[in-house]
Amino acid sequence: MPATPTSRSTIVRYIASRLGQSLIVLWAAYTVSFIVLYALPSDPVALLAGGDASDVTPEQLAELTAQYGLDKPLVVQYLLRLGGVLRGDFGTSIATGRPVSEVIGEAVSPTLQLAGLAFLIAVLAGAGLAVLATYVRGRALSSFLLGLPPLGVAIPSFWFGLMLIQWFSFQLPLFPAMGDKSAVSLVLPSIALALPTGAMIAQLLSKSLATALGEAYIDTARAKGADRRRVHLRHALRNAALPAITMTGLIVGQLLSGTVVTETVFSRPGVGRVTASAVQQQDIPVVQGIVLFAAAAFVLANLAVDLVYPLLDPRIQLTAAPRRRRQTPVPTHAEAPVAAEAATDFDTDAVLEAAR
């Protein structure tokens, strides 16, 4: 069905509103990171010159400070750097002297490969565990499966990564312990990175499935003769997956933050190792560039979910807030009919359609 001019204008307003909110989030992320980084007591130029800069003359130190613009007041530095970001210039790395966009650009590809495979493993493993835990008939087996996700969240990812290296690289030499020379080297770090994310998905989806299986439309589907597998996978899972989809933004953020530990443990290049190195060296331009990259990934993931969600659930409309209908005064003697009408205000067609 083609979109009407009214629906098109609504979609345009919705996207414009979301983009405006996204820009505010990016600006806030940049501003907060600037304030936090410049509040640190140490001097990045002194670190670059050799810790306490004892071998550098004051004139050379002042020249380096002026070269990176650190001699100006904080407000001036903030405005100059913010203006550069708006032009696509994220500054120059204090540690390497290379453009920040070049440093991050080289690290993005390995990280996206790692995070993409970890996301796939997390979704398949987490969803599979949640479906299996709510489908099996045995109470003991179901309780055991439902107890695995909290355990997966509690296990430190670096310890799990080290255990994978010990088991599958040293004792059973099946996968390389470090590096990124082949696609096989992605297996162990992807599994380590996917563990907490998959556990989070399994926790949320299992609770949503348990709630969905107790809804009225499930009884309607069973009354129509749908077998247990069809009810579980087609009707309950379809509706239970909607809350999990809204967690996509958090999942992306968790994967990006997890790469810092995972890439360090497995000695892989990527945004995580660049972040750890930049924080250690107090390379402020690189850290701010990575903060903006992570914030942009988070914002884009949430924007995609906001746009796709109405396609998955037609009851959701692309409006910022529902319009309030004008309420007409109701006589006292009409309270009972109004209450009766409200009690029957139930979307029967939606329930029957979901049951199909």
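All residue numbers refer to positions counted from 1 along the written sequence of the respective chain. With pLDDT at 70 or above as the cut-off, local features in this predicted model cover only qualifying residues; side-chain atom pairs require 80 or more to be listed or tallied, and sums for whole chains, interfaces and linings still use all residues. Processing note: side-chain calculations cover all non-hydrogen atoms of the structure and skip hydrogens and water entirely.

### A look at the overall build of the chain
The secondary structure listing takes helices from DSSP runs of H or I that are at least 4 residues long and strands from runs of E that are at least 2 residues long, numbered from the N terminus. Each helix and strand in the chain was counted, giving 15 helices and 0 strands. Taking the contacts inside the chain whose residues are at least 6 apart along the sequence as the reference set, 73% of them involve residues at least 24 apart. Calculation of accessible area relied on Shrake-Rupley with a 1.4 Å probe; when residues are assessed, cover is drawn exclusively from the protein chains displayed. Working note: accessible area of the chain is about 21,100 Å², and carbon and sulfur atoms make up 65% of it. Contact between two residues is taken to exist if any of their heavy atoms lie within 4.5 Å; hydrogens are not considered.

### Here we look at the pattern of salt bridges
In what follows, salt bridge is the name for a side-chain nitrogen of Lys or Arg lying within 4 Å of a carboxyl oxygen of Asp or Glu. Throughout the structure, instances matching the rule amount to 3 salt bridges. When the shortest N-O distance is used, the salt bridge between arginine 98 and glutamate 106 registers 2.6 Å. Accessibility here uses a 1.4 Å probe with only protein chains present; expressed as a share of the type maximum, an area under 20% marks a residue as buried, one over 50% as exposed, and anything in between as partly exposed. We classify arginine 98 as partly exposed; its relative accessible area is 27%. Among the ionic pairs, aspartate 219 bridges to arginine 222, the shortest N-O distance being 3.9 Å. Taken together, the positions of aspartate 219 and arginine 222, both in helix α9 (residues 216–223) and 3 residues apart, correspond to about one turn of that helix. A relative accessible area of 46% means that aspartate 219 is categorised as partly exposed. What you see here is one network of salt bridges that share partners, running through Arg98, Glu102 and Glu106.

### Some details on helix α11 (residues 248–265)
Look at α11: 25 Å from first C-alpha to last across 18 residues, which is about the 26 Å you get at 1.5 Å a residue. Within α11, the axis deviates most sharply at threonine 259, by approximately 35°. Within α11 the residues assigned to the buried category are Gly249, Ile251, Leu255, Leu256, Gly258, Thr259, Thr262, Glu263 and Val265. Two residues or fewer after α11 comes serine 267, characterised by a positive phi angle close to 50°. Given a helix with a known number of residues, its expected span is that number minus one, times 1.5 Å. Bend angle per residue: angle between axes fitted to the 7 residues ending at that residue and the 7 residues starting there.

### Quick notes on the confidence of the model for the chain
The score called pLDDT rates the predictor's confidence residue by residue, from a low of 0 to a high of 100. Summing up the model confidence of the chain, the mean pLDDT is 78 and the portion of residues at 70 or higher is 80%. Mean pLDDT values over the elements of the chain span from 36, in helix α14 (residues 335–343), up to 90, in helix α5 (residues 100–135). Note on residues 320–356: pLDDT is under 50 here. Beyond four places in sequence and across chains, it has 16 contacts.

### Quick notes on helix α12 (residues 271–281)
Along α12, the residues that are buried comprise Val271, Gly272, Thr275 and Ala278. Each buried residue of α12 lies within a common arc of 130° when the element is viewed along its axis, so the set occupies one face. In the stretch just after α12, glutamine 282 is the one whose phi turns positive, near 55°. The arc under discussion is defined with respect to the helix axis, by the directions toward the C-beta atoms.

### Remarks on the environment of isoleucine 201
Assignment of secondary structure puts isoleucine 201 in helix α8 (residues 187–212). Put simply, isoleucine 201 and isoleucine 245 are 44 residues apart on the chain and 9.5 Å apart in space, counted from C-alpha to C-alpha. Look past the residues within four positions of isoleucine 201 in its chain and what remains in contact with it is Ala122, Val123, Gly126, Ala127 and Ile251.

### Digging into the side chain of histidine 232
Following the sequence through the fold, histidine 232 ends up in helix α10 (residues 228–245). What makes histidine 232 buried here is its relative accessible area of 4%. At 3.0 Å, the side chain of histidine 232 forms a polar contact with the side chain of threonine 134. Apart from residues no more than four positions distant in its own chain, histidine 232 is found in contact with Val131, Thr134, Tyr135, Leu209, Leu213 and Leu237. Nitrogen and oxygen atoms within 3.5 Å of one another constitute a polar contact, given that in protein one can donate a hydrogen and the other can accept it, and given that sequence-neighbouring residues count only through two side-chain atoms.

### Digging into the packing of α5 against α12
Axis lines are fitted through C-alpha atoms, for helices just across the contact stretch, and the angle between N-to-C directions can take any value from 0 to 180 degrees. Where α5 meets α12, the axes come as close as 7 Å, and the angle between the chain directions of the two elements is 135°. By the angle between their directions, the pair α5 and α12 is classed as oblique. Contacts from Val103, Ala107, Val108 and Thr111 in α5 reach Val271, Gly272 and Val274 in α12. For this scheme, ten residues count as nonpolar: Ala, Val, Leu, Ile, Met, Phe, Trp, Tyr, Cys and Pro. Four count as charged, namely Asp, Glu, Lys and Arg, and the remainder, Gly too, count as polar. Looking at the contact of α5 with α12 residue by residue, the class counts come to 5 nonpolar, 2 polar and no charged. In what follows, roughly perpendicular refers to angles from 65 to 115 degrees, roughly parallel to angles under 35, roughly antiparallel to angles over 145, and oblique to any angle outside these ranges.

### Focus on a positive patch on the surface
Residues Arg229, Arg230, Arg234 and Arg238 make up a contiguous surface patch of positive charge. Residue placement: arginine 230 occurs in helix α10. Like-charged residues are merged into a patch within 9 Å and nonpolar side chains (Val, Leu, Ile, Met, Phe, Trp, Tyr) within 5 Å, provided each residue has over 30% relative accessible area and no salt bridge. Under this rule, positive means Lys or Arg and negative means Asp or Glu; His and the chain ends count for nothing. Taken as the charge location is NZ of Lys, CZ of Arg, CG of Asp or CD of Glu.

### Here's the deal with a nonpolar patch on the surface
On the surface, Leu141, Phe144, Leu148 and Leu151 cluster together into a nonpolar patch covering about 370 Å² of accessible area. Its place among the elements puts leucine 141 in helix α6 (residues 139–154). Accessibility expressed as a relative area gives 44% for leucine 141, which makes it partly exposed.

### Topic: the side chain of threonine 275
As for its position among the elements, threonine 275 is in helix α12. Threonine 275 sits in the buried class, given a relative accessible area of 18%. Not counting residues up to four positions away in its chain, the partners in contact with threonine 275 are Val260 and Ile290.

### Focus: the packing of aromatic side chains
Each Phe, Tyr or Trp ring (for Trp, its six-membered ring) is paired with any other whose centre lies within 6.5 Å, and the angle between the two planes then decides the class: stacked below 30 degrees, edge-to-face above 60, tilted in between. The final tally for this structure, using the stated rule, is 2 aromatic pairs. A centroid spacing of 5.3 Å and a plane angle of 65° characterise the contact between phenylalanine 34 and tyrosine 78, whose relative ring orientation is edge-to-face. You can see phenylalanine 34 sitting in helix α1 (residues 5–38) and its partner tyrosine 78 sitting in helix α4 (residues 74–86), a full 44 residues away along the chain. The pair phenylalanine 34 / tyrosine 78 is uniform in exposure class, with both members buried. Following the ring pairs from residue to residue traces out a cluster consisting of Tyr30, Phe34 and Tyr78.

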